[in-house]
Amino acid sequence: MTTNGGPTRVLTEPSSVSAFLNEVVQAADSERDALGFFSRSVYADFCRRGQLFVALASGSTGEFYAGHLLFDLRFPKAHVRQIYVSRAHRGRSIGRTLLNAMKNMLTEGQFISIHARVAEDLRDANMFWEAQGFYAQRVTVGGASRNRMIVVRAHELDTPQLFGSSGITAADPLGLDAMEGAAKPLYLLDLNVLFDLGPRRPRHELAMSVFRAERMRACSLAVSSEIETELNRTAHGGKTDPMLSLAGTLAKFPSPPDEDWARLSPMLASLVFPERQGSLSDNDKSDLMHLATAIHHGLPGLITSDGRILERAPELRQRFGVDAISPELFQVEPDHTTDPVVHEAHSTDIIEMQAASHGDTAAIRGVLTALNIDTATQVNEWSATDAGSSACLRYVVRCNGVVSGYLVLPANIRGHEIRAYAAVAENQRDARETAQSLLRHILSIVTTGEVAHVRLSCPPRQASLREVAATFGYVASPSSSNDLQKIVAKRRLTEGNWTAGRDSLAAVGKLGLPDALPVFRHVDQQIPVIRPDGQRVLVPLYKLESLLAPILLCLPGREGVLVPIRKHFEEHLLADSPQDSLLPRGKAQLAPLRHYLSDKKTLKNFARGDLMFFYESVKNKGAGAVVAVGRVLRAYLRDESAMHAGDLAPSVLDSSQLSSIGVSKTKTITVFDNVLRLPRPVPLRELRSMGCGEPHQLITSQRLSSGQVQAILEKGL
């Protein structure tokens, strides 16, 4: 059989492949470090069994060898032994074409999975396998001669199976969709919340917020059949209570069977009404029946204003798995970012974010309509007309005064879960900066030291928003094509706080990190993680920090770099400055990836994955201390004449200021992310005691040993 991949043709039949055995052997021998060594007889044997594919590329002289794939079959799984693409043809998706031919053949043969073994330190190779959908399954020790760690990767084929696939994918290794609360919760309503809908009731606005939340699809509401019984019992003079009609519009759950009620009622009574054992009133029994109904039907919670039930909320959740929820949780608390936040996107462009007002309604609806969001969805889910609503916070982003983005934050009902709706007018100027402003605001909600789960809904055809979201660590939700999600962990995990940080991630993100802090080998080492669905996966350290950004795993043995920065630059380059400013903020604060510029001689001091410490110099009333830490992504050289907006915009410099960082016309540009300020700046005297605080050391970047890194973190945290 021969398969075509555009200009690439894949030979799969032994009779065709055998003609290229010499080229296969020569190519494999040229890359023994990555591919290992097999004798010619091994290749011939695999060829006879149909387990050697060859890729042919087309040229002016005809077709010629471009790569090969060698694999072993042990039904129901296959093992890739070698995949090779000649250097002249890399970047043309030949490797993917070879793998796709193999996947198609194995799927037809009812195989379940493909496995591959990759040295952990081969970064490019691991990136290739990740891109082809092979997730890390385990890490094993390699041969003694090279002392390498080997990543065993797996890909599950789309084959009809008796058992479902694991659900583990390289794109979303953390499996956030399996978290409790990924689906919209359905809550039972207590009668007192319905009564509070009366316009003269003091808690009227709270009850209204509950129903606004349902309209925004933050939750669903239902009642128990006990409400009908209770309203009939309390009706006066045979009249029908009008609340019965309202209750009739909601989904209804029947009361539990007598045997379940007999079992639950004494336990609930002793918990909620311990002082009334044996003397419960009809109202008391009715309150307990609502709780018992929620428990019997496995509902997540009961919305009630009853203080006695709310006081027992922790015990009810622990013993019965049901939340007692106050209507107050359905009201937002506009306690941060009420003033406009202004950014300079380009030399003439101003990005401004502020709370939406009634006057923005037409512009908001215009943005949403252009994105094909229908009127009902605009009004309900997106609260496009809800100026002054207590059920959500609404923000607009303006580019040069024109609304270019919209953000809705419904009331946070479930603790550390943040629900958000964001839309960007991609036909307007600076759409990317608008998206950054929206996502930066969501990130700012989480305070330093906290962990939160963010679920973000965006309209279809929002390429700019999705691209920017990926740089913030968002992943697509398999359960909804329009949803993105991520765990935000604003923490620096060290040996001293590892247990507390691990517990926080487990409580909020349902993610399990190792019990003991791993020792650092390199930035791509595999970290074992327990997903919310209980499956164990391996995630590279670098990728794990990106997915949980802005977290940093400060493992023992990890080295770093210390860089100087002046106070007036630091205030714009580093986020979370302790001093608010009324002046426009630099574009660098919008982007998660920022640039630090230095002399060309400093390039040797930066390595991918280094912890990057920022020393604010004493000049111009600076702190004279290490004030923040981030992570180095990459560093490269760029001549001043070749610098463009993409180099300078994420920094705090313009072309006129480049001479202030050295006389050389070539500069080192270091890309960094995951930056957070240290709770306690580490002053100069303490840096001297660590061997990195002498004046000649602080005028330029310097390498930090793992011991110095740990010492700075111990003081700063």
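Quick caveat, the model's predicted, so the values are computed rather than measured.

**What about the overall build of the protein?**
Each helix and strand in the protein was counted, giving 25 helices and 31 strands. Principal-axis analysis of the C-alpha atoms gives the protein an extent of 100 × 70 × 50 Å. Within the span of the protein, comprising 717 residues, buried residues form 53% of the whole. Once local pairs closer than 6 in sequence are excluded, the contacts in the protein between residues at least 24 apart make up 67%. As displayed, the protein offers around 31,400 Å² of accessible surface, 52% of which is attributable to carbon and sulfur atoms. Here the protein contributes 80 positively and 77 negatively charged side chains, and the mean placements of these two sets differ by 6 Å.

**Let's talk about helix α5 (residues 94–108)**
Compared with the 21 Å implied by 1.5 Å per residue over 15 residues, the 22 Å span of α5 between its first and last C-alpha is a close match. Within the span of α5, buried status applies to Ile-94, Gly-95, Thr-97, Leu-98, Leu-99, Ala-101, Met-102, Lys-103 and Leu-106.

**What about the sheet that holds strand β30 (residues 666–683)?**
In space, the 6 strands of this open sheet follow the order β27-β30-β29-β28-β26-β31, with mixed pairing throughout. At either end of the open sheet lies a strand with only one pairing partner, and these are β27 (594–599) and β31 (702–704). Ignoring strand direction, the axes of neighbouring strands in this sheet form an average angle of 40°. As paired elements, strand β28 (residues 611–616) and strand β29 (residues 625–639) share 6 bridges and run antiparallel to each other.

**Some details on the pairing of β28**
Counting buried positions along β28 gives 6 out of 6 residues, so the element sits mostly inside the fold. Where burial is concerned, the two faces of β28 agree: the one with Leu-611, Phe-613 and Tyr-615 and the one with Met-612, Phe-614 and Glu-616 are both buried. As judged from the 6 bridges shared by strand β26 (residues 560–565) and β28, these two strands associate in the parallel manner. Note on β28: the bridge partner recorded for Gly-560 is Leu-611.

**Some details on the packing of helix α2 (residues 21–29) against helix α4 (residues 40–48)**
Where α2 meets α4, the axes come as close as 10 Å, and the angle between the chain directions of the two elements is 130°. Between α2 and α4, the interaxial angle falls into the category oblique. The way α2 lies across α4 gives a crossing that is right-handed. When α2 is examined against α4, the residues Leu-21, Asn-22, Val-24, Val-25 and Ala-28 are found in contact with a partner set consisting of Arg-40, Tyr-43, Ala-44 and Cys-47. Each residue belonging to the contact of α2 with α4 can be placed in one class, and the counts come to 7 nonpolar, 1 polar and 1 charged.

**Describing the packing of helix α11 (residues 258–272) against helix α12 (residues 282–296)**
For the pair α11 and α12, interaxial distance at closest approach is 9 Å and the crossing angle is 120°. With respect to each other, α11 and α12 are oriented oblique. Between α11 and α12 lies a crossing whose hand is right-handed. Contact with α11, carried on its side by Asp-260, Trp-261, Leu-264, Ser-265, Leu-268, Ala-269 and Val-272, involves Lys-285, Leu-288, Met-289, Leu-291, Ala-292, Ile-295 and His-296 of α12 and no other residues of that element. Looking at side-chain class alone, the contact of α11 with α12 contains 10 nonpolar, 2 polar and 2 charged residues.

Rules of the game
Residues numbered from 1 in each chain as written. Predicted model: local features only at pLDDT ≥ 70, side-chain atom pairs only at ≥ 80, totals over all residues. Heavy atoms only, no water. Helix = DSSP H or I, 4+ residues; strand = E, 2+ residues; numbered from the N terminus. Buried < 20%, exposed > 50% of the residue type's maximum accessible area, 1.4 Å probe, protein only. Contact = heavy atoms within 4.5 Å. Areas by Shrake-Rupley, 256 points an atom, 1.4 Å probe, with all protein chains shown as cover. Lys, Arg positive; Asp, Glu negative; His and termini not counted. Charge placed at Lys NZ, Arg CZ, Asp CG, Glu CD. Expected span 1.5 Å × (residues − 1). Pairing = 2+ DSSP bridges. Axes fitted to C-alpha atoms, helices over the stretch in contact; angles between N-to-C directions. Parallel < 35°, antiparallel > 145°, perpendicular 65-115°, else oblique. Left-handed = near helix turned anticlockwise from the far one by under 90°. Nonpolar A, V, L, I, M, F, W, Y, C, P; charged D, E, K, R; others polar.

Just geometry here; none of it tells us what the structure is for.
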